[in-house]
Amino acid sequence: MFLTMAATVQPQVLPGPGLRPEPTTTPEHGYVVICWDDPVNLMDYVTHVFQTVFGWTKTKAEHHMLEVHNQGRSVLARTGLEKAEHYVHQLQKYRLQATLEHVEE
Amino acid sequence: MKLFPTNAASCGFEFTPQEKQLFFEVLALYPLTPPAHQRLSRTPGPDDAENQKLLEEALAAHRQETRQRVQALLTDPRSFQAQGEGYSWTVSREDLEWLLQVLNDVRVGSWLALGSPKLSPAPKLPSTPEAWAHRRAMDIAGGFEMLFIAALAGELPV
């Protein structure tokens, strides 16, 4: 009845602009939004949520999904407190393990 | 389950009676994930308690609104139209998004109830009826998630 729940075929990752946090730390960018690995969330599901919440392409969303899967976490955004809270709230509505962390100067 | 041709704003499905029953069983379990499962931050800070409280209030409001939507879907006879030996169901893409949230709440909540086991390799078979029920709900919710994501991406065979 159901499609397979096997792991997503690993794509060739082609990092694009904005995949790394900005190098500067300012009050407007003093927080990072992190997604943590959680074995229960399906890889395709996580990719879909990243696309929906951040408006990313599938390639970029898969890059971050694989970073979560392989490294235990991925920094999804670096931004101000208000926007970081918004992103965390959106991700948590989907029950992803997302947090915001203050970035030290 | 089949997907039938729809427009850019909605998706249409054909359910067998058994599929509809499984879908409704899983939806009726919502909400299952404890609010405390979600943390705003993992780094201690001076405003942690207040910020965490605000997050939990926001999630609780969202949970209440979503619970009402689930109840409406479960009780409105117009949701699923009898067709042949099964049912047809047309749903907007927007509604599929909150349904994905519902399904994953049930999946995560069931997994937590099982003791958060590693899922790869496959965990041992449950040893109690209660654990079987959680395992079943977790797997069924995940199955519907995959179907809906494939439908949203236009990857489900018509």
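Computed from a prediction, not measured in an experiment: that's the story for all the values here.

Regarding the pattern of salt bridges
All names here are of chain B. Scanning the entire structure with this criterion turns up 4 salt bridges over all chains. Of the charged contacts in the structure, one is a salt bridge between Arg-136 and Glu-25, with a shortest N-O distance of 2.8 Å. Of this pair, Arg-136 sits in helix H4 (residues 129-152) while Glu-25 sits in helix H1 (residues 17-27), and the two are 111 residues apart along the sequence. Take Glu-25: its relative accessible area is 30%, and that puts it in the partly exposed class. Its salt-bridge partner being Arg-78, residue Asp-76 comes within 3.1 Å of it at the nearest N-O pair. The partly exposed category is assigned to Asp-76, whose relative accessible area is 24%.

A short note on the packing of helix H1 (residues 43-54) of chain A against helix H2 (residues 58-71) of chain A
Residues and elements named next belong to chain A. It is at 8 Å that the axes of H1 and H2 come closest, and there the two elements cross at 130 degrees. Taken together, the axes of H1 and H2 are oblique relative to one another. Judged by the twist between their axes, the crossing of H1 over H2 is right-handed. Across the interface between the two elements, Met-43, Val-46, Thr-47, Phe-50 and Gln-51 of H1 pack against Lys-58, Ala-61, Glu-62, His-64, Met-65, Leu-66, Val-68 and His-69 of H2.

A few points about the pairing of strand S1 (residues 31-36) of chain A
Burial within S1 of chain A is extensive, with 6 of its 6 residues counted as buried. Neither face of S1 of chain A is exposed, since Tyr-31, Val-33 and Cys-35 of chain A on one face and Val-32, Ile-34 and Trp-36 of chain A on the opposite face are all buried.

Digging into the nonpolar core
Counting 62 residues, the largest nonpolar core has Phe-50 and Leu-91 of chain A together with Phe-13, Phe-23, Trp-89, Phe-144 and Phe-148 of chain B as the members making the most contacts within it. At 10 residues, the largest contribution of residues to this core is made by H4 of chain B. In this structure, Val-32, Ile-34, Trp-36 and Val-103 of chain A belong to the second largest nonpolar core, which totals 5 residues.

Some details on a negative patch on the surface
Residues and elements named next belong to chain B. A contiguous patch of negative charge on the surface is contributed by Asp-47, Asp-48, Glu-50 and Glu-57. Mapped onto the elements of the fold, Asp-47 is located in the loop between H1 and helix H2 (48-75). Residue classification places Asp-47 among the partly exposed residues on the basis of a relative accessible area of 47%.

Regarding the interface of chain B and chain A
Contacts between chain B and chain A engage 40 residues on the former and 29 residues on the latter. Taken as a group, Gln-38, Arg-42 and Met-146 of chain B account for 20% of the area that chain B buries against chain A, more than any other trio of residues on that side. As a salt-bridge pair, Asp-105 of chain B and Arg-95 of chain A come within 2.8 Å of each other at their nearest N and O atoms. Run the count over chain B and chain A and you get 15 residue pairs in polar contact (both at pLDDT 80 or more). Breaking the side of chain B that touches chain A down by element, the ones donating at least two residues are H1, H2, helix H3 (93-113) and H4 of chain B. The leading source of residues in the side of chain B that touches chain A is H4 of chain B, at 12 residues. Each residue belonging to the side of chain B that touches chain A can be placed in one class, and the counts come to 19 nonpolar, 11 polar and 10 charged.

Conventions used here
Residues numbered from 1 in each chain as written. Chains lettered and ligands numbered in written order. Predicted model: local features only at pLDDT ≥ 70, side-chain atom pairs only at ≥ 80, totals over all residues. Heavy atoms only, no water. Salt bridge = Lys/Arg side-chain N within 4 Å of Asp/Glu carboxyl O. Helix = DSSP H or I, 4+ residues; strand = E, 2+ residues; numbered from the N terminus. Buried < 20%, exposed > 50% of the residue type's maximum accessible area, 1.4 Å probe, protein only. Axes fitted to C-alpha atoms, helices over the stretch in contact; angles between N-to-C directions. Parallel < 35°, antiparallel > 145°, perpendicular 65-115°, else oblique. Left-handed = near helix turned anticlockwise from the far one by under 90°. Contact = heavy atoms within 4.5 Å. Core = buried A, V, L, I, M, F, W, Y, C linked by side-chain atoms within 4.5 Å. Patch = residues over 30% accessible without salt bridge, like charges linked within 9 Å, V, L, I, M, F, W, Y side chains within 5 Å. Areas by Shrake-Rupley, 256 points an atom, 1.4 Å probe, with all protein chains shown as cover. Lys, Arg positive; Asp, Glu negative; His and termini not counted. Charge placed at Lys NZ, Arg CZ, Asp CG, Glu CD. Buried area = accessible area lost by both parts, 1.4 Å probe. Polar contact = N/O pair within 3.5 Å; in protein donor to acceptor, adjacent residues only side chain to side chain. Nonpolar A, V, L, I, M, F, W, Y, C, P; charged D, E, K, R; others polar.

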